[in-house]
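Chain by chain, the residues:
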Amino acid sequence: MTTRTQDVYTHGHHESVLRSHRWRTAENSAGYLLPALAPGQRLLDVGCGPGTVTVDLAARVAPGEVVGVDRSAAVLAVATEHAAEKGATNARFQVGDAYALEFEDDSFDVVHAHQVLQHLTDPVAALREMKRVTRPGGVVAVRDADYAGMTWYPAHPGLDEWQELYHEVTAANGAEADAGRRLLSWVRQAGFDAAGIAPGAGVWCYATPEDRTWWATLWADRCVTSDFAVQAMDHRLADEVALELLAEAWREWGTSPDGWFMVPHGEVLARA
């Protein structure tokens with residue numbers, strides 16, 4: 001019997017993290033999946049977080065059922081409240097494990113996971129489990145950022161240090177920060193038929209004054225208050241002074257009228 005290393009969620013669920021997650025919509029985070037959706041489909045959202053994308057997807061497949069799973073009961077309470085506010089009566093949420101989904105084989109038409117595989121110690125095992133619960137001919141959709149591919153202007157040595165530290169923390173957690181470029185490989189290893197795999201890419205870009213300030217402030221806060229900061233110190237990769245300097249670097253970059261930041265993502269649709 002193989003013993004799997006305990007997964008650690010690098011970001012945690014601090015308000016500075018949920019602020020980012022609540023910004024996400026089906027349009028800005030799952031646009032590659034939308035053409036594959038149709039009313040009446042049953043959809044599973046793995047690692048659904050606060051449920052903003054989940055609820056948007058529920059509107060696309062209504063009256064089909066949507067189930068969101070996450071390992072955090074606290075964040076699922078936020079998702080349930082959001083669904084109620086939006087009147088998404090076809091969406092429900094439950095605690096779940098990406099490696100051991102509590103559903104029968106061939107239970108869903110669509111299984112979706114956004115920014116999940118990058119945090120797992122065994123993403124291929126999770127993909128196999130997603131494939132198991134997807135009906136033949138159904139689709140598994142995965143999207144993950146690629147931290148080494150993130151690009152910004154103007155250059156700032158503090159952001160270079162942030163990017164390096166982020167890789168060090170995720171590596172210490174047994175996770176893969178550069179998941180985006182690896183999705184195709186992972187999907188192939190999970191046993192999906194190559195003829196049914198459609199790989200691609202998408203981006204987020206923060207360049208307007210409002211978006212730039214939001215993104216910079218968000219990461220400045222995360223550098224000192226989120227689980228990322230806690231883990232950086234627990235792994236002895238940074239101390240409070242170093243983390244505060246990173247936060248200040250983000251704040252400085254965010255004041256530049258020329259500031260531009262791009263987050264690349266790998267995207268894969270795979271037929272089960």
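Residues numbered from 1 in each chain as written. Predicted model: local features only at pLDDT ≥ 70, side-chain atom pairs only at ≥ 80, totals over all residues. Heavy atoms only, no water.

K.L.:
Whenever I open this one, the overall build of the protein chain confuses me. Can you help?
P.N.:
Counting secondary structure elements, the protein chain contains 10 helices and 8 strands. Counting only C-alpha atoms, the protein chain reaches 50 × 45 × 35 Å along its principal axes. Among the 272 residues that make up the protein chain, the fraction classed as buried is 54%. For the protein chain, contacts bridging at least 24 residues in sequence account for 78% of all contacts bridging at least 6. Accessible surface, the protein chain: about 11700 Å² in total, of which carbon and sulfur atoms supply 52%. Taking the 22 positively charged and 38 negatively charged side chains of the protein chain as two groups, their mean positions are separated by 6 Å. (Helix = DSSP H or I, 4+ residues; strand = E, 2+ residues; numbered from the N terminus. Buried < 20%, exposed > 50% of the residue type's maximum accessible area, 1.4 Å probe, protein only. Contact = heavy atoms within 4.5 Å. Areas by Shrake-Rupley, 256 points an atom, 1.4 Å probe, with all protein chains shown as cover. Lys, Arg positive; Asp, Glu negative; His and termini not counted. Charge placed at Lys NZ, Arg CZ, Asp CG, Glu CD.)

K.L.:
What is the right way to read the environment of arginine 181 from this model?
P.N.:
Relative to the helices and strands, arginine 181 resides in the loop between α6 (157–172) and α7 (183–189). On the basis of relative accessible area, arginine 181 is assigned to the exposed category, the value being 51%. Separated by 53 residues in the primary sequence, arginine 181 and arginine 128 have C-alpha atoms spaced 19 Å apart. With sequence-adjacent residues up to four places away left out, arginine 181 is seen in contact with Asp146, Ala148 and Gly149. Within the structure, arginine 181 has its side chain in polar contact with the side chain of aspartate 146 (distance 2.6 Å). (Polar contact = N/O pair within 3.5 Å; in protein donor to acceptor, adjacent residues only side chain to side chain.)

K.L.:
Sorry, what's going on with the side chain of histidine 11 here?
P.N.:
Here histidine 11 is to be found in the segment before α1 (15–23). Residue class for histidine 11 comes out buried when judged on its relative accessible area of 5%. A polar contact is formed between the side chain of histidine 11 and the side chain of arginine 222, at a distance of 2.9 Å.

K.L.:
Teacher, can you tell me more about the UniProt feature "domain: Methyltransferase" (unreviewed entry) in the protein chain here?
P.N.:
Within this structure's numbering, the places UniProt gives as "domain: Methyltransferase" (unreviewed entry) are residues 39–170. Helix makes up 36% of residues 39–170 and strand 27%. Its end C-alpha atoms lie 38 Å apart. (UniProt positions renumbered as here; feature names shortened; annotations may be inferred.)

K.L.:
I'm lost on the pairing of strand β3 (residues 91–95) in this one. Help?
P.N.:
Every regular strand shows the same layout, with side chains that alternate between the two sheet faces. Pairing geometry for strand β2 (residues 66–70) and β3, over 5 bridges, is parallel. Bridge pairing in β3 places valine 69 opposite glutamine 94. (Pairing = 2+ DSSP bridges.)

K.L.:
Hey, could you run me through the pattern of salt bridges in this one?
P.N.:
A full pass over the atoms with the stated rule returns 14 salt bridges. Measuring nitrogen to oxygen at the nearest pair gives 2.8 Å for the salt bridge that ties glutamate 65 to arginine 42. Within this pair, whereas glutamate 65 is found in the loop between α3 (52–61) and β2, its partner arginine 42 is found in the loop between α2 (26–29) and β1 (43–46), the two being separated by 23 residues in sequence. By relative accessible area, arginine 42 is classed as partly exposed at 24%. Notably, a salt bridge pairs aspartate 105 with arginine 132, separated by 2.7 Å at the nearest N-O pair. Of this pair, aspartate 105 sits in the loop between β3 and β4 (108–114) while arginine 132 sits in helix α5 (residues 123–132), and the two are 27 residues apart along the sequence. It is possible to trace a salt-bridge network through shared partners that takes in Glu15, Arg19, Arg22 and Asp221. (Salt bridge = Lys/Arg side-chain N within 4 Å of Asp/Glu carboxyl O.)

K.L.:
What's the story with the nonpolar core in this structure? I'm lost.
P.N.:
As a rule of thumb, nonpolar side chains are buried together in soluble globular proteins. If you look at the biggest cluster of nonpolar residues, it comprises 31 residues, and the most contacted ones within it are Leu44, Val46, Leu117, Leu127, Met130 and Val142. If you tally residues by element for this core, the top one is α5, at 5 residues. In contact with leucine 127, other than residues within four places in its own chain, are Leu117, Val140, Val142, Trp186, Val187, Ala190 and Phe192. Ala145, Leu159, Ala232 and Ala238 belong to the second largest nonpolar core, which has 30 residues in total. (Core = buried A, V, L, I, M, F, W, Y, C linked by side-chain atoms within 4.5 Å.)

K.L.:
Hey, could you run me through the packing of aromatic side chains in this one?
P.N.:
The description of two aromatic rings rests on the distance between their centres and on the angle between their planes. Per the counting criterion, the structure on display carries 24 aromatic pairs. On the numbers, 5.5 Å between centres and 40 degrees between planes, the contact of tryptophan 23 with tryptophan 214 is tilted. Remark: tryptophan 214 occurs in helix α8 (residues 209–225) and tryptophan 23 occurs in helix α1; sequence separation between them is 191 residues. Owing to a relative accessible area of 29%, tryptophan 23 belongs among the partly exposed residues under this scheme. Over the aromatic face of phenylalanine 108 sits the side chain of arginine 42, whose NZ or CZ is 4.3 Å from the ring centroid. (Phe/Tyr/Trp six-rings, centres within 6.5 Å; stacked < 30°, edge-to-face > 60°. Lys NZ or Arg CZ within 6 Å of the ring centre and 35° of its normal.)

K.L.:
Honestly, the packing of α6 against helix α10 (residues 240–254) in this entry has me stumped. Any pointers?
P.N.:
Remark: α6 packs on α10, axes separated minimally by 8 Å, with the N-to-C direction vectors making an angle of 130 degrees. Considering the angle they form, α6 stands oblique to α10. Between α6 and α10 the crossing geometry is left-handed. Side by side, α6 and α10 meet where Gly158, Leu159, Glu161, Trp162 and Leu165 of the first sit next to Leu243, Leu246, Ala249, Trp250 and Trp253 of the second. Of the residues belonging to the contact of α6 with α10, the class tally is 8 nonpolar, 1 polar and 1 charged. (Axes fitted to C-alpha atoms, helices over the stretch in contact; angles between N-to-C directions. Parallel < 35°, antiparallel > 145°, perpendicular 65-115°, else oblique. Left-handed = near helix turned anticlockwise from the far one by under 90°. Nonpolar A, V, L, I, M, F, W, Y, C, P; charged D, E, K, R; others polar.)

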